[in-house]
Amino acid sequence: MSRNHWRNAAVEQVAFPPLTDNITVDLVVIGGGFTGLNAARVAAREGLRVCLIEANTIGHGGSGRNVGLVNAGLWLPPDQIKQTLGYTRGERLINDLGTGPDRVFDLIKTYEIQCDAKRSGTLHLAHSSHSISDLRAREKQWQSRGAPVTLLDSQTTAHHVGSDMYHAALFDARAGVIQPLDYARGLARAAAEEGVQIYEKTAAIRIKRDDIWHVTTNNGQVRSSKLLIATNAYNKFTSATQLYDTSIVSYFQCVSQKLAQRNFDAILPDHHGCWDTALIMSSFRKTRDNRLVFGAMGETDGAIGRHIHDGWAQRAIQRIFPNIKIELSQSWSGRIAMTKNKIPEIMRLGIDGYAIFGYSGRGIAPGTVLGEQFGKYTVTEDESDLCLKLTDNYRETFTYLKSSYYESGARVFHIINDR
Ligand SMILES: Cc1cc2nc3c(=O)[nH]c(=O)nc-3n(C[C@H](O)[C@H](O)[C@H](O)COP(=O)(O)OP(=O)(O)OC[C@H]3O[C@@H](n4cnc5c(N)ncnc54)[C@H](O)[C@@H]3O)c2cc1C
């Protein structure tokens, strides 16, 4: 049994062999998450010979560990994106990612992906009265673009959550929830159906370029005209220097024991997914097998982190739903790659080589969209197919210190906010 509930409860099953040969393709994709899988799928559909290599199994990274909130846009509100990227670039990104959930739910339908998809919207919960103004500003910005985003009062929020703990909520009707590992595996099945050669347990060990790209793996080699590195926060290359470096935020989730039907129905009756406005945020949602999944910032792979964060989570969930006995059991963690401005990057790595990374905690719809756009771009070579400007370099300093600071902050918060 894995500590990751998504793995234990997955319905989509896929298995691909390791690469044990030398092969030649038009595009090699490194990393079997949403970004790599969708880029590979689209490029193969457009007629390229494509292979995707994954060091572990499909969905090993963030794609198989996340909360499953299919949200529109990025974490940053639209106006902040425009301030950072400028009007034209900002507008393009906001528009393309604003319709990101459409792309995810369309793919789920087209390829009949069994990922427990529920498109009933998400709730961004105000944990304090002060945070309502931030939600109101987001509502105004999205509504001015015609998006179905509404601020709910405390009573309506209590009705939708099954708890009167929150002061308000921003409801986004474009969004929904999925079982993320099932979605990643379904995308892999779709990519294979479109002709992508997928290899699991195949790590890229060395990458170099002469007239073409050479990717050396543990037991084989890929020669390819084009390269996409889609390893996001899991970018481990044994012999290469770091291709890019971002700070990392860890996020953990605990799954509950199965809830009695009447308790299950009392919590989030419309199956919304939610997260709150706290600086050290938390999230919760339901699963198809009558459980609640509760998550927050922090890393629970080590014994100390597990003790602090799991203990806090158990007490926090009981404060939200005081009348329901909820026993949280095993937890798992994942790594989130944060960029300096919290906007993802498409970085050029020399001729015909690229890396896409830095979703800063929102990568289901953005990873799907950027993957799709990149898959198309490999064929057209038209940069206007991409909603982000290509960058030639991404450098961030003190990433280790920043990552340690985030984890220490989460630990301190969970120790002192436990009343
Ligand atoms: C706990 C958690 C909760 C989150 N919640 C949400 C959410 O609710 N909604 C949302 O939109 N986003 C969420 N995110 C963000 C989202 O999950 C990620 O942005 C997204 O999954 C990134 O997808 P990806 O394909 O770019 O990378 P990943 O899914 O991380 O895939 C990278 C893959 O590369 C592989 N790899 C690494 N090195 C090599 C190598 N050398 N050779 C071969 N393969 C290699 C890894 O094994 C991994 O499978 C969350 C993230 C985490 C961690």
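Here the structure is a predicted model, which is why all the values come from computation and not from measurement. (Residues numbered from 1 in each chain as written. Predicted model: local features only at pLDDT ≥ 70, side-chain atom pairs only at ≥ 80, totals over all residues.)

(A) Structural context of the overall build of the chain. If you tally the helices and strands in the chain, you get twelve helices and 19 strands. Over its C-alpha trace the chain gives a radius of gyration of 21 Å, about what one expects of a compact globule, namely 22 Å for 419 residues. Considering only C-alpha atoms, the chain reaches an extent of 65 × 50 × 45 Å along its principal axes. A total of 419 residues make up the chain; the buried ones form 52% of that total. Long-range pairs, those at least 24 residues apart, make up 76% of the contacts in the chain with a sequence separation of at least 6. (Helix = DSSP H or I, 4+ residues; strand = E, 2+ residues; numbered from the N terminus. Rg over C-alpha atoms; globule rule 2.2 N^0.38 Å. Buried ≥ 20, exposed ≤ 12 C-beta atoms within 10 Å, placed from the backbone. Contact = placed C-beta atoms within 7 Å.)

(B) Molecular detail of the site of the ligand. Within the structure, the ligand sits among 41 residues, and G31, G33, G61, G334 and G363 are positioned closest to it. For the shell around the ligand, the secondary-structure elements that each account for two or more residues are α2 (34-45), β16 (328-338) and α11 (364-380). Its residues placed into classes, the shell around the ligand shows 16 nonpolar, 20 polar and five charged. (Near = placed C-beta within 6 Å. Nonpolar A, V, L, I, M, F, W, Y, C, P; charged D, E, K, R; others polar.)

(C) Layout of the packing of helix α10 (residues 303-320) against helix α12 (residues 399-416). At a closest axis distance of 9 Å, the pairing of α10 and α12 adopts a crossing angle of 45°. Viewed along their axes, α10 and α12 adopt a mutual orientation that is oblique. Considering only the axes of α10 and α12, their crossing is left-handed. The residues of α12 that touch α10, namely those facing I308, H309 and W312, are R411, H414 and I415. Of the residues contributing to the contact of α10 with α12, the split by class is three nonpolar, two polar and one charged. (Axes fitted to C-alpha atoms, helices over the stretch in contact; angles between N-to-C directions. Parallel < 35°, antiparallel > 145°, perpendicular 65-115°, else oblique. Left-handed = near helix turned anticlockwise from the far one by under 90°.)

(D) Examining the nonpolar core more closely. Counting residues in hydrophobic clusters, the biggest one holds 123 residues, and the most contacted among them are V28, V29, A40, V50, L52, A191 and L228. Contacts of L228, omitting those with residues within four sequence positions, involve L27, V29, G36, A39, Y354, I356 and F374. (Core = buried A, V, L, I, M, F, W, Y, C linked by C-beta atoms within 7 Å.)

(E) View of α2. For α2, built from twelve residues, the straight-helix expectation of 16 Å at 1.5 Å per residue is met to within 8% by its first-to-last C-alpha distance of 16 Å. The buried fraction of α2 amounts to eleven of the twelve residues, a majority that puts the element mostly inside the structure. Regarding α2, the residues found buried are F34, T35, G36, L37, N38, A39, A40, R41, V42, A43 and A44. Elements that come into contact with the buried residues of α2 comprise β1 (22-30), β2 (50-53), α8 (180-193), β11 (221-229), β18 (353-357) and α11. At the C-terminal side of α2, G47 shows a positive phi close to 110°. (Expected span 1.5 Å × (residues − 1).)

(F) Representation of the packing of α2 against α11 within the structure. Here α2 crosses α11 at 35°, and the two axes come no closer than 7 Å. In the packing of α2 onto α11, the handedness of the crossing is right-handed. Two secondary-structure elements touch here, α2 through F34, T35, G36, L37, N38, A39, A40, R41, V42 and A43 and α11 through I364, G367, T368, L370, G371, E372, F374, G375, K376, T378 and V379. Across the contact of α2 with α11, the residue classes break down as ten nonpolar, eight polar and three charged.

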